[in-house]
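Observations on the model geometry
The residues making up each chain are set out below.
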Amino acid sequence: AQQQQLVIQAKKEAYESSAGILELALIEFPGCALLHLYNLENLVAYICECGDIGSSNKVSSAFLKAWQSVGKGTHVNEGFIVTDMFRLFASFLLLRLSLVAK
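Reference entry: report on the structure contained in this document. Keep in mind it's a predicted model, so treat the numbers as computed, not measured.

The rules behind these values
Residues numbered from 1 in each chain as written. Predicted model: local features only at pLDDT ≥ 70, side-chain atom pairs only at ≥ 80, totals over all residues. Heavy atoms only, no water. Salt bridge = Lys/Arg side-chain N within 4 Å of Asp/Glu carboxyl O. Helix = DSSP H or I, 4+ residues; strand = E, 2+ residues; numbered from the N terminus. Buried < 20%, exposed > 50% of the residue type's maximum accessible area, 1.4 Å probe, protein only. Core = buried A, V, L, I, M, F, W, Y, C linked by side-chain atoms within 4.5 Å. Contact = heavy atoms within 4.5 Å.

This brings us to the pattern of salt bridges. If the charged atoms of two oppositely charged side chains come close together, the side chains can form a pair. Counted under the stated rule, the structure contains two salt bridges. With a shortest N-O distance of 3.3 Å, K58 and E23 are connected by a salt bridge. Here K58, found in helix α3 (residues 56-69), pairs with E23, found in helix α1 (residues 2-28); they are 35 residues apart in sequence, far enough to count as distant. We classify K58 as partly exposed; its relative accessible area is 45%.

On to the nonpolar core, then. In this structure, L40, I47, V59, F63, M85, L88 and F92 are the most contacted members of the largest nonpolar core, which totals 17 residues. Residue assignment for this core shows that the elements contributing at least two residues are α2 (33-50), α3 and α4 (79-101). Per-element tally for this core: the top contributor is α2, with seven residues. Among all residues touching F92, those that are not within four sequence positions of it are V44, I47, S56, V59, S60 and F63. One finds L22, A25, C32 and L35 within the second-largest nonpolar core, a separate group that totals five residues.

Shape descriptors only; they carry no functional weight alone.
If you want it as structure tokens, here you go:
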């Protein structure tokens, strides 16, 4: 049990570190859809791995910012990135619903 707690804590710290780096990158490159996608993937993975549903408002806010950035970056073809964002959003909604239903 203690070993499992240590593993969860290590994952939590890794996700938080990644989140900090991605947030700084998004300040520097706010129109980069790919960075937004990486940020969203990191946030959703954090919730899935650490079970922190309290972070869901942060994820919702990140999705909104990501969608607002679409088309404002330098990527010529953002279609696959936008598709992945919507798939991730659908998965996030299903996860959120499953956690609320428990």
